[in-house]
Structure formats: structure tokens, C-alpha cells
Amino acid sequence: MKITYLFDRPLPANETDSEQAMHTIAALARAGADVTLVLPTPSDGALDVEGIRAHYLTRGDFRIVGAPQPVFGLGDARKWWHAAFARQRARGADVLYTRNFPTLFLAASSSQQPFCYETYRPWFDTFRPLAPAFRAALNRGLGAVLHS
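Okay, so let's go over this structure. (Residues numbered from 1 in each chain as written. Predicted model: local features only at pLDDT ≥ 70, side-chain atom pairs only at ≥ 80, totals over all residues. Heavy atoms only, no water.)

**Comments concerning the environment of Arg-9**
How we decide: Think of it this way: any DSSP run of H or I at least four residues long counts as a helix, any run of E at least two long counts as a strand, and we number them from the N terminus. Two residues qualify as a contact provided that any one of their heavy atoms is within 4.5 Å of a heavy atom in the partner residue. What qualifies as a polar contact is a pair of N or O atoms within 3.5 Å, subject to a donor-acceptor requirement within protein and to the restriction that residues adjacent in sequence count only when both atoms come from side chains.
By the element assignment, Arg-9 lies in the loop between strand S1 (2–6) and helix H1 (16–30). Sequence spacing of Arg-9 and Arg-78 is 69 residues, and the spatial spacing of their C-alpha atoms is 9.5 Å. Setting aside chain neighbours within four positions, we find Arg-9 in contact with Glu-15, Asp-17, Ser-18, Leu-39, Pro-40 and Arg-78. Polar contacts involving the side chain of Arg-9 include one to the side chain of Glu-15, which spans 3.0 Å.

**With respect to the packing of helix H4 (residues 101–108) against helix H6 (residues 131–140)**
The criterion, for reference: Axis lines are fitted through C-alpha atoms, for helices just across the contact stretch, and the angle between N-to-C directions can take any value from 0 to 180 degrees. What sets the label is the angle itself: under 35 degrees gives roughly parallel, over 145 gives roughly antiparallel, 65 to 115 gives roughly perpendicular, and the rest give oblique. Definitions for this section: a left-handed crossing has its near helix turned counterclockwise from the far helix by less than a right angle. A right-handed crossing has that turn clockwise.
Here H4 crosses H6 at 60 degrees, and the two axes come no closer than 9 Å. As far as their axial angle goes, H6 and H4 are oblique. Like other packed secondary-structure pairs, H4 and H6 cross with a definite hand, here left-handed. Packed against H4, whose contacting residues are Phe-101, Leu-104, Phe-105 and Ala-108, the element H6 presents Ala-133, Phe-134, Ala-137, Leu-138 and Arg-140 at the interface.

Here it is, written out as C-alpha cells:
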């Protein structure tokens, strides 16, 4: 199975979600999946793939590729930018996998590709007005991994 995992922040990072994502990706690869991680391309254009692997002490054969980033600051809109451009890197994959809600909503808005969403955040409780939108998006996907 070919899985493209979209993550919208540069790595390495010290936040818990990046640690969890990297170990999930490595475990999927060790289980036999063909996994590609798509990250924002750093401003210097170079992804330090070996530095990322070393930071998280991952074992597993997976690729890391970059997606273009805006040359100007977008604030929180940068997550939507990444979702739109990183999805192009997922073409041809059997499954798009993400933890980022902009990617979830963009993936659910088209029927181009099966997707899976993972989160530890209790979105339904935190943002009650968005609960119907989250429910609708999740209902269009293959599944969700919820560990709140």
C-alpha cells in the first residue's frame, strides 16, 4: 500500500505531535507500507532528511519530500497553503494520511483520493460550531484515528 502522509510544519521539531507522527510513519513503513512524508520546504530549499530521522530515532524505510511554501508570510493561512500544495505530492498514493485539519477539509472536498485523519484534539468539544463540518469530512474518509 502506498501512503502519503502530509504534515504542515517544518521538522525536526520538539512538539509531541511531530514525535507521534514520525513514529507512526516509521511503524507503517516497517509494516510494509510504501510511505512518503510531505513537509513544507524550508526557505533554503533543503530538507535535512538524515537530521530528521536522527532527531526522532526512527527505524523504517520511508521517504521525505518537500512541498512549496509561500515566499511571503501567511500566518495561519500557511496551513491551508500547505494542504493545497502538499496534496499534489500525494497523487498516485493509495491513501492520504494527515493530522492537519486544513488537509482533512480539502481532502474531503474532493473525491480524488481516499484519506485518513488522525488527531488527539477533541475538536467536537472544543469547536462545537464546527462539529457538523468535521463529522461530514470524516464521513467522506476511510477512517479516523482518535486518541483524545
